[in-house]
Amino acid sequence: MSLAIKPLPEDADALRSFAADLQAELVRKDIEINARDAEIHAKTLHIEKLKMQLAVLRRARFGRSSEKLDRDIEQLELLIGELEEEAAESDARAAADPAGQNNLANPSRARPRKPAVRMKLPDHLPRETVTHEPACTCPGCGGTVFSRIGQDQREVLEYVPSSFKVIQHVRPKLSCRACETIVQAPMPSLPIERGRPGPGLLAHVAVSKYCDHTPLHRQAVIYAREGVELDRATLADWMGQAVFLLAPLAEAIGRHVRGGGVLHADDTTVPVLSPGLGKTKTGRLWVAVRDERPWGSEVPPAAFYRYSADRKAIHAEALLGTCRGFLHADGYAGFNRLYQPTTPAGDPALVEVACWSHVRRKFFDVHHATASPIALEALQQIATLFAIESSVNGHAPERRRTAREEHARPLLDRLKAFLETSLTQISGKSALAQAIRYALSRWKALVRYLTDGRLEMTNNAAERAMRPPVLGRKNYLFCGSDAGGQRAACIYTIIESAKMNGRNPQAYLTDILGRIADHPINKIDALLPWLWTQ
């Protein structure tokens, strides 16, 4: 079918009228197209938010602690951030064009958004008052005498960039006129006696590297922008001397951790540069955690890290060999000697408590790969156990034990029977069979948390303590040497223990580094994070 083309009018007025109608039609079409684009943009933003919520809920339900899922969530958050920035930019353009001259091409962006609910600014932040006085002459009558009837006040959050300053320590020399004795105040103690960094700068470098995961060479670039040239070698020298001062404090934290009757332990890989070869080898960073908050204890929580060049069992024994009580850990064989009887009565030094998060993760991986209904059923039953555990978190040990006996033990009995039956119905070489055998082979250690209200269902406390080193590992790429790994363990011990006790690592380290050089070594416990107040 051919389309009839309407001939253009020959009359000038009719032609102008036709052009105006055509222009109006084009504007209307542009408005419709841009309105649809805006609707698609809004729906895209909503979809991405739902995807992130789904990822978080999926992890909460099945307990998958995988770096891949964490990366997915980070990518979604970045995408949502970009979309929200774009929406905010469009709103700003609309606000700058109240007459709507530029909104014909994008009318939907001119629609008012629901005002955001702003939280109160923190009370602890310092306040700076800027008073804006009005003109001294009345615009209505020209009068110059005014009475204050009130004021409007609005708080704006501002950021003051970190900056350097030079502190000059001046010590006047005085001579006694009677006997000519010279009197002079002693020089205050400095963390590095012959160096120039103050305690605040040393603390900042340490926190930036081990808490904010900024390597020293990147810090050097940041400081250069402030006009202060501090090369990487200088910063590294400062960190080495700071660790020398802080090592006794880290060991004091270690004594506190290992004195607990319920501990969590874990380890992770650390790439370490192999001298002379230009390659990296794999070291290990170990952590022991004492955290008794889940059962309402007021004992301060803390984490103690140690580095080793390999994963031999002797390093696990060096970390935990003096401990007595219960140990939450994964199935690493290096811990096995710690579970062996050490008394005539056959009691071990440490009693193993296995981690349900590891079991859950294995079933999640199987279900994710194969959509196995058996794996899904196991996940759902395990999720019910975690729900019971959440309901007693923070309660006294006896209440936790009683609730577990009443609600969790019957479910565990059914779960064990289900796994044993399922194992006979599937291939023994399948990934699902491996997951089931992993759970059944550790069943006694997995259900041990039922017997004592101080025990946890998971080893998540240790896994949380390993997150900062893992993040740092992504940024550092490798440690420079085994000694570098040992320095990292010392600083991680202090910073993470401070964070667990609600202390600001920067403020805490600044104060400690300013005092520790002259502090009596036999009173080092007075500097522990939980005893420190700002």
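Visitor: Looking at this structure, how should I read the pattern of salt bridges?
Guide: Under the criterion given, the structure shown has 19 salt bridges. Across the pair Lys499 and Glu496 runs a salt bridge, and its minimum N-O distance is 3.2 Å. Within this pair, Lys499 and its partner Glu496 are both found in helix α13 (residues 482-500), separated by three residues, close to a single helical turn. Overall, the relative accessible area of 36% leaves Lys499 in the partly exposed class. Under the relative-accessibility criterion, Glu496 is labelled buried at 7%. Beyond isolated ion pairs, a larger network of salt bridges with shared partners links Glu25, Arg28 and Glu32.

Visitor: What is the right way to look at empty space enclosed by the protein in this model?
Guide: Over the atoms rolls a probe the size of a water molecule, and in doing so it shows where empty space is left. Tallied over the entire structure, the rule returns one cavity of 30 Å³ or more. When its volume is computed, the largest cavity comes out at roughly 40 Å³. Taken together, Ala329, Asp330, Gly331, Ala354, Cys355, His358, Val359, Tyr438, Arg442 and Leu446 make up the lining of the largest cavity. Of the residues contributing to the lining of the largest cavity, the split by class is six nonpolar, two polar and two charged.

Visitor: Is there a simple way to think about the packing of aromatic side chains in this case?
Guide: How two aromatic rings sit relative to each other is set out by the distance from centre to centre and by the angle between their planes. Tallying each qualifying case throughout the model produces eight aromatic pairs. A centroid spacing of 5.6 Å and a plane angle of 80° characterise the contact between Trp356 and Trp443, whose relative ring orientation is edge-to-face. Of this pair, Trp356 sits in helix α7 (residues 356-370) while Trp443 sits in helix α11 (residues 443-446), and the two are 87 residues apart along the sequence. By the burial criterion, Trp356 is buried, and Trp443 matches it. Chaining the aromatic ring pairs together yields one cluster made of Tyr210, Tyr305 and Tyr492. Lying over the aromatic face of Tyr438, Lys362 brings its terminal NZ or CZ to 4.6 Å of the ring centre.

Visitor: Please explain the sheet that holds strand β7 (residues 350-353) as it appears in this structure.
Guide: Through backbone hydrogen bonds, the strands of a sheet pair up, either in parallel or in antiparallel fashion. Strand order in the open sheet formed by five strands is β5-β4-β3-β6-β7, and the pairing between neighbours is mixed. Taken across any chain shown, the strands that pair with only one partner, and hence form the sheet edges, are β5 (302-308) and β7. The sheet shows a mean angle of 30° between the axes of neighbouring strands, taken without regard to direction. Taken strand by strand, helix α5 (residues 232-258) contacts β3 (262-274), β4 (279-290) and β5, and its axis lies near 110° from that of β5.

Visitor: Sorry if this is basic, but what is going on with unusual backbone geometry here?
Guide: Peptide bonds are trans in most cases, and residues, glycine excluded, mostly fall at negative phi. If you check the backbone angles, His213 has positive phi at about 60° while not being a glycine. Positive phi, close to 55°, is recorded for Ala371, a residue that is not glycine. By the element assignment, Ala371 lies in the loop between α7 and α8 (373-392).

Visitor: Any chance you could explain the nonpolar core here in plain terms?
Guide: Generally speaking, nonpolar side chains in soluble globular proteins are found buried as a group. Leu246, Leu249, Leu320, Leu327, Phe335 and Ile494 are the most contacted members of the largest nonpolar core, which has 74 residues in total. It is α5 that provides the largest number of residues to this core, a total of 12 residues. Core analysis: the second largest hydrophobic core is formed by 36 residues, Val353, Phe363, Ala435 and Ala445 among them.

Visitor: What am I meant to see in a nonpolar patch on the surface here?
Guide: Residues Leu15, Phe18, Leu22 and Leu26 make up a contiguous nonpolar surface patch of about 330 Å² in total accessible area. Position of Leu15 relative to the elements: it lies in helix α1 (residues 12-62).

Visitor: For this particular structure, what's the right way to read α7?
Guide: The α-helix winds at 3.6 residues per turn, so residues separated by three or four positions along the chain end up facing the same way. Look at α7: 21 Å from first C-alpha to last across 15 residues, which is about the 21 Å you get at 1.5 Å a residue. Along α7, the residues classified as buried are Trp356, Ser357, His358, Val359, Arg360, Arg361, Phe363, Phe364 and Val366. Trailing α7 by a residue or two, Ala371 shows a phi angle of about 55°, which is positive.

Visitor: Help me understand the pairing of β4, please; the structure alone is not making it clear to me.
Guide: Consecutive residues of a regular strand have side chains that alternate between opposite faces of the sheet. Note: β3 against β4, 11 bridges, orientation antiparallel. Within the sheet, the bridge partner assigned to Pro271 lies in β4 and is Thr282. Pairing of β4 with β5, which is carried by seven bridges, proceeds in the antiparallel orientation. Looking at the pairing, Val289 lines up with Ala303 of β5.

Visitor: What exactly am I supposed to notice about the confidence of the model for the protein here?
Guide: The predicted coordinates should not be examined in detail at positions where pLDDT is low. Confidence along the protein averages 84 in pLDDT terms, with 82% of residues attaining 70 or more. The low-confidence segment residues 103-111 (pLDDT under 50) makes 20 contacts with residues lying over four places distant or belonging to another chain.

Visitor: Is there a simple way to think about the pairing of strand β6 (residues 325-328) in this case?
Guide: Bridge count between β3 and β6: three bridges; the pairing is parallel. Across the sheet, residue Leu263 finds its bridge partner in β6, namely Leu327. Relative to β7, β6 runs parallel, the two being bridged by four bridges. In the sheet register, Leu327 faces β7, and the bridge partner there is Glu352.

What counts, and where the lines are drawn
- Residues numbered from 1 in each chain as written.
- Predicted model: local features only at pLDDT ≥ 70, side-chain atom pairs only at ≥ 80, totals over all residues.
- Heavy atoms only, no water.
- Salt bridge = Lys/Arg side-chain N within 4 Å of Asp/Glu carboxyl O.
- Helix = DSSP H or I, 4+ residues; strand = E, 2+ residues; numbered from the N terminus.
- Buried < 20%, exposed > 50% of the residue type's maximum accessible area, 1.4 Å probe, protein only.
- 1 Å grid on protein atoms, 1.4 Å probe; cavity = no way out; pocket = protein on both sides within 12 Å on 5 of 7 lines; lining within 4 Å.
- Points joined across faces, edges and corners; volume = space filled by probe spheres on them.
- Nonpolar A, V, L, I, M, F, W, Y, C, P; charged D, E, K, R; others polar.
- Phe/Tyr/Trp six-rings, centres within 6.5 Å; stacked < 30°, edge-to-face > 60°.
- Lys NZ or Arg CZ within 6 Å of the ring centre and 35° of its normal.
- Pairing = 2+ DSSP bridges.
- Axes fitted to C-alpha atoms, helices over the stretch in contact; angles between N-to-C directions.
- Contact = heavy atoms within 4.5 Å.
- Core = buried A, V, L, I, M, F, W, Y, C linked by side-chain atoms within 4.5 Å.
- Patch = residues over 30% accessible without salt bridge, like charges linked within 9 Å, V, L, I, M, F, W, Y side chains within 5 Å.
- Areas by Shrake-Rupley, 256 points an atom, 1.4 Å probe, with all protein chains shown as cover.
- Expected span 1.5 Å × (residues − 1).
- pLDDT = per-residue confidence, 0-100.

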